[in-house]
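Understanding the architecture of this molecule
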Amino acid sequence: MNPLLALLFLLLVSACSSKSTRPIEGGDKLRARIEVAIARQIHNDVKRELPLLKGSSRVKYLERKTDQLRRSVDYNFLSSSAMLEFRLLEYLSAMESLRWQPLNYETRVRMESSTNLSLEDLEYGLLANLAEIDNRLSALPDHKEADKLQHLHKKKETNEYPDDSFAGRQAYLDKLQQAMQLTFEHWPTVNNEARKTIELIGRGGKIPPFQYNDGALVINLKDVTGLPLFELESIAAYYGYPGRAATDKPGSQSLRTLMILPGYQFGWAWYNMDRLIDANVDRARTYLHFINLMTSLALADLRLHTHAWTRQTATTFLSKRTLYSQARINMELDAILNRPGFHLSAFAGMTKFKDLRKRCIRECEEEFLTRLVDIGPLPFDLLEERLFTEHFIQ
């Protein structure tokens with residue numbers, strides 16, 4: 001890594017270093033209100049103007065606004081919420097600068113996941129996760145097949161898919177919309193800032209099977225054999241509630257709505273899919289097969305981009321390991337090659353959420369999850385600091 005990139009990465013992981021604020025008393029309260037008002041105006045400018053910019057102009061703009069904030073505001077007078085926005089702006093600036101550097105694969109994964117997990121640790125975790133999935137599948141009722149791979153191939157032959165017609169594709173979207181809406185109705189923490197629904201958009205062409213962006217889920221309908229009906233509830237839970245949609249805050253005025261944090265957002269979706277298995281015994285098998293796909297894709301992501309596998313090796317592995325068709329596998333591999341590190345970053349995020357749950361020391365069930373939703377999405381170092389300060393983790 002060249003010195004500039006090393007410096008930028010150091011900034012990325014350390015921009016959120018602690019900055020304590022002193023107690024504000026007496027006449028300082030007026031000064032504090034003025035400082036917070038100045039900071040809020042700069043944050044509002046960024047929230048309004050940054051989405052209109054593209055390319056390297058975003059880097060220059062964020063550098064300018066960060067410098068303006070540092071020169072204009074004494075952070076000792078900022079409230080905790082204004083201080084958080086200050087640090088998010090620093091993080092945004094550092095991350096945008098990194099995005100335009102020629103990153104190696106490991107640096108990209110660490111940037112997108114906002115973790116410091118090594119590729120070796122992630123590979124070990126993936127293999128352990130696959131072994132755990134096998135054990136959980138074997139422990140389910142009615143699992144009589146002695147040979148797991150034989151069981152998978154038999155299941156593939158009986159998979160049901162949408163009818164290969166306009167009406168069949170529309171019926172698939174309708175079923176998915178119904179399943180998605182049920183996840184929203186059954187999730188108890190949908191607050192005023194949260195997203196209330198997800199728009200489903202069917203398209204063709206060379207796009208991923210599913211692509212989530214700003215409250216819309218684009219589904220590749222070109223080949224219906226890439227869309228087995230058994231995964232409908234899994235897709236709804238992963239992209240709806242308690243998954244990806246739970247990290248959206250379209251009603252928020254915070255800079256966090258501008259952050260691209262696939263490790264947090266899709267790691268959260270993955271973590272909650274895993275939790276649903278124990279809570280929904282009747283759907284445990286389909287959830288496990290979906291998590292098996294996600295874990296297998298993350299392993300393929302890692303091994304393809306570290307040149308341990310060829311595409312053919314990855315294809316063979318996914319065909320043997322999962323219930324999915326060749327059409328789906330081809331679409332998934334195209335997406336992996338076009339976006340290095342995305343699946344592995346999601347796995348890293350899921351791993352981080354599991355670690356936070358293990359460190360929880362109070363209200364570790366629904367209240368802990370609700371607090372995570374209320375706080376996030378944030379880079380994990382900021383999230384950890386917040387949870388530690390609030391005495392949720394040790």
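For the structure, see preceding data.
In this text, all values refer to a predicted model and were calculated from it rather than measured experimentally.

Okay, a nonpolar patch on the surface next. Together, Leu30, Ile34 and Ile38 make up a nonpolar patch on the protein surface, roughly 250 Å² of accessible area in all. Structurally, Leu30 is set in helix α2 (residues 28–49).

A general tendency of soluble globular proteins is for nonpolar side chains to be buried together. Counting 112 residues, the largest nonpolar core has Tyr172, Leu176, Leu217, Ile219 and Leu383 as the members making the most contacts within it. In terms of residue count, the dominant contributor to this core is helix α11 (residues 284–305) (13 residues). Setting aside residues up to four positions removed in sequence, Leu383 forms contacts with Tyr264, Phe353, Leu356, Leu372, Ile375 and Leu378.

All right, on to the packing of helix α8 (residues 166–185) against helix α9 (residues 232–239) then. As a packed pair, α8 and α9 sit with axes 8 Å apart at the nearest point and diverge in direction by 50°. The angle between the axes of α8 and α9 places the two elements in the oblique class. The hand of the α8/α9 crossing is right-handed. Each of Tyr172, Lys175, Leu176, Ala179, Met180 and Thr183 in α8 lies in contact with α9, whose residues at this interface are Leu232, Ile235, Ala236, Ala237 and Tyr239. Tallied by class, the residues present in the contact of α8 with α9 amount to 9 nonpolar, 1 polar and 1 charged.

To continue, consider the sheet that holds strand β2 (residues 210–213). Spatial strand order, β1-β3-β2: 3 strands in an open sheet with mixed pairing. Two strands in the sheet have a free side with no partner beyond their single neighbour: β1 (199–203) and β2. The sheet shows a mean angle of 20° between the axes of neighbouring strands, taken without regard to direction.

Following the sequence through the fold, Met294 ends up in helix α11. Beyond its immediate sequence surroundings of up to four residues, Met294 is in contact with Tyr238, Trp270 and His343.

With that out of the way, let us pick up the pairing of β2. Side chains of β2 alternate between two faces, with Phe210 and Tyr212 buried and Gln211 and Asn213 left unburied. As paired strands, β2 and strand β3 (residues 216–220) are joined by 4 bridges and run antiparallel to one another. Counterpart to Asn213 in the pairing with β3 is Ala216. Where β2 folds back on β3, the antiparallel hairpin that results is connected by 2 residues, among which Asp214 adopts a positive phi of roughly 50°.

Moving on, we get to the packing of aromatic side chains. In the structure shown here, the tally under the stated rule is 18 aromatic pairs. Ring geometry for Tyr238 and Tyr239: centres 5.0 Å apart, planes at 85°, overall edge-to-face. Taken as a pair, Tyr238 and Tyr239 share a single burial class, namely buried. Ring pairs connect the aromatic residues Phe210, Tyr212, Tyr238, Tyr239, Phe266, Phe290 and Phe342, which therefore count as one cluster. Note that Arg244 overlies the ring of Phe266, its terminal NZ or CZ placed 5.3 Å from the centroid.

Another point: the side chain of Arg321. Mapped onto the fold, Arg321 is located in helix α12 (residues 311–321). Of note is the side chain of Arg321, whose polar atom sits 3.2 Å from the backbone oxygen of Leu130. At a separation of 2.8 Å, a polar atom in the side chain of Arg321 contacts the side chain of Asn292.

This part covers the pattern of salt bridges. Enumeration according to the criterion identifies 26 salt bridges in this entry. Salt bridges linked by common partners bring Glu132, Arg136, Asp274, Asp278 and Lys354 together as one network.

Thresholds, definitions, all that
Residues numbered from 1 in each chain as written. Predicted model: local features only at pLDDT ≥ 70, side-chain atom pairs only at ≥ 80, totals over all residues. Heavy atoms only, no water. Patch = residues over 30% accessible without salt bridge, like charges linked within 9 Å, V, L, I, M, F, W, Y side chains within 5 Å. Areas by Shrake-Rupley, 256 points an atom, 1.4 Å probe, with all protein chains shown as cover. Salt bridge = Lys/Arg side-chain N within 4 Å of Asp/Glu carboxyl O. Helix = DSSP H or I, 4+ residues; strand = E, 2+ residues; numbered from the N terminus. Core = buried A, V, L, I, M, F, W, Y, C linked by side-chain atoms within 4.5 Å. Buried < 20%, exposed > 50% of the residue type's maximum accessible area, 1.4 Å probe, protein only. Contact = heavy atoms within 4.5 Å. Axes fitted to C-alpha atoms, helices over the stretch in contact; angles between N-to-C directions. Parallel < 35°, antiparallel > 145°, perpendicular 65-115°, else oblique. Left-handed = near helix turned anticlockwise from the far one by under 90°. Nonpolar A, V, L, I, M, F, W, Y, C, P; charged D, E, K, R; others polar. Pairing = 2+ DSSP bridges. Phe/Tyr/Trp six-rings, centres within 6.5 Å; stacked < 30°, edge-to-face > 60°. Lys NZ or Arg CZ within 6 Å of the ring centre and 35° of its normal. Polar contact = N/O pair within 3.5 Å; in protein donor to acceptor, adjacent residues only side chain to side chain.

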